Every structure is written in structure tokens, then in C-alpha cells.
Amino acid sequence: MPSLANQILASIPENVIVDRGALVLAADYDSVGRALKQLVQTGKLVRVGRGRYRKSGGQATCSASSIADLIAQRVRRSRRNVFLRADFDAFGSYDGVGRALRQQVQAGRLVQIGYGLYAKAEPSPLTGKPAPVVGIRTLASEAIKRLGKSVEPSRFDKAYNSGRSTQVPTGRTLTVNARIRRRIGYDGNYVVLQPD
């Protein structure tokens, strides 16, 4: 009978990401976990998310610095201002991409604006600290659209624009067609997301 590690490798097709729960093996949970960890350490599997694995394809995974270089190149060339962590999954393992994104944030090329959300950054002319290249409202609108939701002006914006109110809205409130649990913002400034 083949070893547990070999059984796991045989049950994962090429170029397919498999959830750990989908593996049907005659072994206990901890044994499967140890075998998966061993396969990742030996480079036969790549961890692409929590409990998600794929075969490495025989090529060595990139180091965090080269993943960081790939991320920096994609950010520089892109017209987008907001990036999801999933935009960089193809560059390496889940942990490697996470380390590379932290490097980019520390270098000031990216700013984390929410869980799994990053924005292009450059030094602020006022403080010198990294800040997004566009305003918080624009970032939040783009981030929500990237998450597959639609955005509308808030009821405060609508009232002001229609002349029913003279109070100028702050611009930090958006109406979203679905519930979003993420907080979107940076440096203590967050957008208020209202349900539709």
C-alpha cells in the first residue's frame, strides 16, 4: 500500500486546487495534516490558501523577494488603484504571497486598506508617509466593485445634489447593494458603508 503522502499526491490532479476536506483518505485528520505539511516542505505541493493545495508542477516556488518583485511590477503596470490578494495568487504559495505583500507595504509601494485589499501608494507630500494615490472614496468604490458589489451615492449625497439639504456631505459614506463586513480605509480613516 502506498504511503499517505503518495496517496495524497495521487488524489490531486495536475493544475487543480484541492480543498483538504475534499481528500478522501483512510487516515485521521492529524496524519493527513502532517503528510500535507511534509509535501509542502519538500516542494511537491504548494499551499495556495487555508486548507487549499495544488501540485507544484515540478518547478521551485519563488522566494518572497522575487514574488515581491513580481507584485511590484504588476502594480506599476496596472491602471487599477485597488488590488485583491487573489490578484497575486499565481506568483507563489499563500504564505509567500503574504510575506511579499507585507514587504511591499513596508517599502511604501502599497497600503493595506482592508482585509485582502491593497492600494497603490506613494509618499505623502505633507507627512512623507505612504498614502494611496487617490482619495478614500474612490478607493472604497473601486474596492467594492472589485468585490462584485455595486455602489451608489449615499442618501446624504442625493439630498445635497437634489437641493433638499444644504449640508455638504463628508464624502465618506457610500450605499452598497449588499452587506459587506470589511472595513475599508487606512490610517484610521474609514468609509461608512450603508445598506441599500
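Small disclaimer: the values here were computed from a predicted structure and weren't measured.

## Remarks on the pattern of salt bridges
A side chain with one charge may pair with a side chain of the opposite charge, provided their charged atoms come close.
Here's step 1: Enumeration according to the criterion identifies 5 salt bridges in this entry.
Here's step 2: Glu14 serves as the salt-bridge partner of Lys55, at 3.5 Å between the closest nitrogen and oxygen. Here Lys55, found in strand β3 (residues 52-55), pairs with Glu14, found in the loop between α1 (4-11) and β1 (18-19); they are 41 residues apart in sequence, far enough to count as distant.
Here's step 3: Ionic pairing is found between Asp187 and Lys129, a salt bridge with its closest N-O pair at 3.6 Å. On the criterion of sequence distance, the pair formed by Asp187 in the loop between β10 (185-186) and β11 (189-190) and Lys129 in the loop between β6 (117-123) and β7 (130-132) is long-range, its members being 58 residues apart.

## Details of the pairing of β3
Here's step 1: In β3, alternate side chains face the same way, and those of Tyr53 and Lys55 are buried while those of Arg52 and Arg54 on the opposite face are not.
Here's step 2: Relative to β3, β1 is paired through 2 bridges, and the arrangement is antiparallel. Its bridge partner being in β3, Asp19 is matched across the sheet by Arg52.
Here's step 3: Of the pairings in the sheet, the one linking strand β2 (residues 45-49) to β3 comprises 4 bridges and is antiparallel in character. Residue pairing for β3: Val46 is matched across the bridge by Arg54.
Here's step 4: Between β2 and β3, which follow one another and run antiparallel, lie 2 residues, and Gly51 among them has a positive phi close to 70°.

## Some thoughts on the sheet that holds β1
Here's step 1: Read across the sheet, 3 strands follow the order β1-β3-β2 without closing on themselves; strand pairing throughout is antiparallel. Two strands close off the open sheet at either side, each with one partner strand: β1 and β2.

## What about helix α5 (residues 136-146)?
Here's step 1: Buried residues of α5: Ile136, Leu139, Ala140, Ser141, Glu142, Ala143 and Ile144, and no others.
Here's step 2: Of the residues trailing α5, Gly148 is marked for its positive phi of about 85°.

## Quick look at the environment of Val16
Here's step 1: Within the secondary structure, Val16 sits in the loop between α1 and β1.
Here's step 2: Classification of Val16 as partly exposed rests on a relative accessible area of 32%.
Here's step 3: Spatially, the C-alpha atom of Val16 lies 7.7 Å from that of Lys55, the residues being 39 residues apart in sequence.
Here's step 4: Filtering out sequence-adjacent residues up to four positions away, Val16 remains in contact with Tyr53 and Arg54.

## So, the nonpolar core
Here's step 1: The biggest cluster of nonpolar side chains holds 18 residues, and the ones touching the most others in it are Val82, Ile113, Leu117, Ala143, Ile144 and Ile184.
Here's step 2: Contributing elements (two or more residues each) for this core: β4 (82-84), β5 (110-114), β6, α5 and β9 (173-176).
Here's step 3: Broken down by element, this core gets its largest block of residues, 5 residues, from α5.
Here's step 4: Excluding its chain neighbours within four sequence positions, the residues that come into contact with Ala143 are Val82, Ile113, Leu117 and Ile184.

Reading the values: the criteria
Residues numbered from 1 in each chain as written. Predicted model: local features only at pLDDT ≥ 70, side-chain atom pairs only at ≥ 80, totals over all residues. Heavy atoms only, no water. Salt bridge = Lys/Arg side-chain N within 4 Å of Asp/Glu carboxyl O. Helix = DSSP H or I, 4+ residues; strand = E, 2+ residues; numbered from the N terminus. Buried < 20%, exposed > 50% of the residue type's maximum accessible area, 1.4 Å probe, protein only. Pairing = 2+ DSSP bridges. Contact = heavy atoms within 4.5 Å. Core = buried A, V, L, I, M, F, W, Y, C linked by side-chain atoms within 4.5 Å.

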